[in-house]
Amino acid sequence: MIRGLILAALALAPFSAARAADLDGVVMPDQRVVDGTRMRLNGIGLRTYSILGIHIYVAGLYLERRSDNPDSILHSPDRKLLDIRFLRDVAAEDARRAWLDGFDHNCRLPECYLDPRDVERFLAAVPPIHKGDETTLFFTSRGVDVTFNQRPLGDITDTHFAETVLATFIGPAPPTPRLKRELLGDQR
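Residues numbered from 1 in each chain as written. Predicted model: local features only at pLDDT ≥ 70, side-chain atom pairs only at ≥ 80, totals over all residues. Heavy atoms only, no water.

Some details on helix 3 (residues 92-106)
Rules: Going along the chain from the N terminus, every DSSP run of H or I of four or more residues is numbered as a helix, and every run of E of two or more is numbered as a strand. Under the convention used throughout, the expected extent of a helix is 1.5 Å for every residue step, that is, one less than its residue count. Residue exposure (1.4 Å probe, protein chains only): buried if accessible area is under 20% of the type maximum, exposed if over 50%, otherwise partly exposed. Each direction from the helix axis to a C-beta atom contributes to the arc, which is the arc of those directions. Contact between two residues is taken to exist if any of their heavy atoms lie within 4.5 Å; hydrogens are not considered.
Relative to the 21 Å expected for 15 residues at 1.5 Å per residue, helix 3 spans 21 Å between its end C-alpha atoms, a close match to the ideal helical length. Listing the buried residues of helix 3 in full gives Ala92, Ala95, Trp99, Gly102, Phe103 and Asn106. Seen from one end, helix 3 has its buried residues packed into an arc of 100°, which puts them on one side. If you follow the buried residues of helix 3, they end up packed against helix 4 (116-124), strand 6 (134-140) and helix 5 (159-170).

Structure, rendered in structure tokens:
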């Protein structure tokens, strides 16, 4: 248990706060150390909703080696960290629907299949979100560990499912093209 608390603290501790990225008032450090692995901020992006451009969250993608190639990132055995900071409240039902849409658009039969029971368990764990909440997704060769406000929410040990989770941000059908570009390091 103590090891888990230490790992959770390390996941949120910046390696160096000398440089940081700031987007919509959310500051993310240039580097993070998680479970002994140093990662650099690959990109920071803003998730907006509707033609009104409602700001939902800011996400930062940390990689061991920076890359602008989504396929190589998705298929890499390297560790990755996605840090999501919410700018507004999101009902659990709306968050679950967004995840389900992301899975449906980024995992299409016959080349991609997710066990419906795994999807159901994942969605059941998604809580209501409040402005200021933070979700981190730490991807390893074993899957992904999910934390919510620095508390473990669960883990996914199916590596294909874990890859699909990351694909919902940088895969063929991200929430917005802008978010994908920004996470891949294009800050234009």
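Next comes the rest of the description.
Looking at the packing of aromatic side chains
For any pair of aromatic rings, the description consists of the separation of the ring centres together with the inter-plane angle of the planes. This is how the line gets drawn: Only Phe, Tyr and Trp rings take part, Trp by its six-membered ring, and two of them pair if their centres are within 6.5 Å. Stacked means planes under 30 degrees apart, edge-to-face means over 60, and tilted covers everything else. A positively charged side chain is recorded as over a ring if its NZ (Lys) or CZ (Arg) lies within 6 Å of the ring centre. The angle to the ring normal must also be within 35 degrees.
Taken as a whole and judged by the stated rule, the model has 8 aromatic pairs. What links up through ring pairs into an aromatic cluster is the set Tyr57, Phe86, Trp99, Phe103, Phe122, Phe161 and Phe169. For the cation-ring pair, Arg32 lies above Tyr62, with the distance from its terminal atom to the ring centre recorded as 5.2 Å.

Thoughts on the state of the cysteines
Each disulfide consists of a covalent bond between the sulfur atoms of two cysteine residues. Our working definition: Count a disulfide wherever a pair of cysteine sulfur atoms falls within 2.5 Å.
Taken as a whole, this structure holds 1 disulfide when the rule is applied. Sulfur-sulfur distance for the disulfide between Cys107 and Cys112 comes to 1.8 Å. In this structure, the disulfide formed by Cys107 and Cys112 twists by about -100° around the S-S bond and is classed as left-handed. Residue class for Cys107 comes out buried when judged on its relative accessible area of 11%. Accessibility expressed as a relative area gives 8% for Cys112, which makes it buried.

Concerning the pattern of salt bridges
Put simply, the test is: By definition, a salt bridge exists where a carboxyl oxygen of Asp or Glu is found within 4 Å of a side-chain nitrogen of Lys or Arg.
In total, this model carries 12 salt bridges according to the counting rule given. Residues Asp35 and Arg79 are paired through a salt bridge, measuring 3.2 Å at the closest nitrogen-oxygen approach. Highlighted residues: Asp35 in the loop between strand 2 (26-34) and strand 3 (37-49) and Arg79 in the loop between helix 2 (70-75) and strand 5 (80-86), separated in sequence by 44 residues. By relative accessible area, Arg79 is classed as buried at 19%. Its salt-bridge partner being Asp83, residue Arg85 comes within 3.0 Å of it at the nearest N-O pair. Judged by relative accessible area, which is 0%, Asp83 ranks as buried. One network of salt bridges, with partners in common, ties together Arg32, Asp83, Arg85 and Glu134.

Focus: helix 4
For an α-helix, the turn length of 3.6 residues means that residues three or four places apart are oriented alike. Here helix 4 has its buried residues at Asp118, Val119, Phe122 and Leu123. One side of helix 4 carries all its buried residues, which in axial view fall inside an arc of 130°. For helix 4, the exposed residues set more than 90 degrees away from the buried face come down to Pro116, Arg117, Glu120, Arg121 and Ala124. As for helix 4, its buried residues are in contact with helix 3, strand 8 (151-156) and helix 5.

Focus: the environment of Thr37
Our working definition: Counting of polar contacts relies on pairs of N or O atoms within 3.5 Å, with two restrictions inside protein: one atom must be capable of donating a hydrogen and the other of accepting it, and residues adjacent in sequence are counted only when both atoms are side-chain atoms.
With respect to the secondary-structure elements, Thr37 resides in strand 3. Residue Thr37 is classed as buried on the basis of its relative accessible area, which comes to 14%. Counting along the chain gives 27 residues from Thr37 to Glu64, while the straight-line C-alpha distance between them is 7.6 Å. A distance of 3.5 Å separates a polar atom in the side chain of Thr37 from a polar atom in the side chain of Arg79.

Overview of the packing of helix 3 against helix 4
To keep things clear, this is the line we draw: For helices, the fitted line uses only the C-alpha atoms of the stretch in contact; every axis is such a line through C-alpha atoms, and the angle between N-to-C directions lies from 0 to 180 degrees. The labels follow the angle: roughly parallel below 35 degrees, roughly antiparallel above 145, roughly perpendicular from 65 to 115, and oblique for the rest. In a left-handed crossing the near helix is turned counterclockwise from the far helix by less than a right angle, and in a right-handed crossing that turn is clockwise. Residues were grouped as follows: Ala, Val, Leu, Ile, Met, Phe, Trp, Tyr, Cys and Pro as nonpolar; Asp, Glu, Lys and Arg as charged; and all remaining residues, including Gly, as polar.
Put simply, helix 3 and helix 4 touch, their axes get as near as 10 Å, and they point 150° apart. As summarised for this structure, helix 3 and helix 4 are arranged roughly antiparallel, according to the angle between their axes. Considering how the two elements wind past one another, helix 3 and helix 4 form a crossing that is right-handed. Note on element contacts: helix 4 touches helix 3 through Val119, Phe122, Leu123 and Ala124, opposite Arg96, Trp99, Leu100 and Phe103. A breakdown of the residues in the contact of helix 3 with helix 4 according to their chemical character gives 7 nonpolar, no polar and 1 charged.

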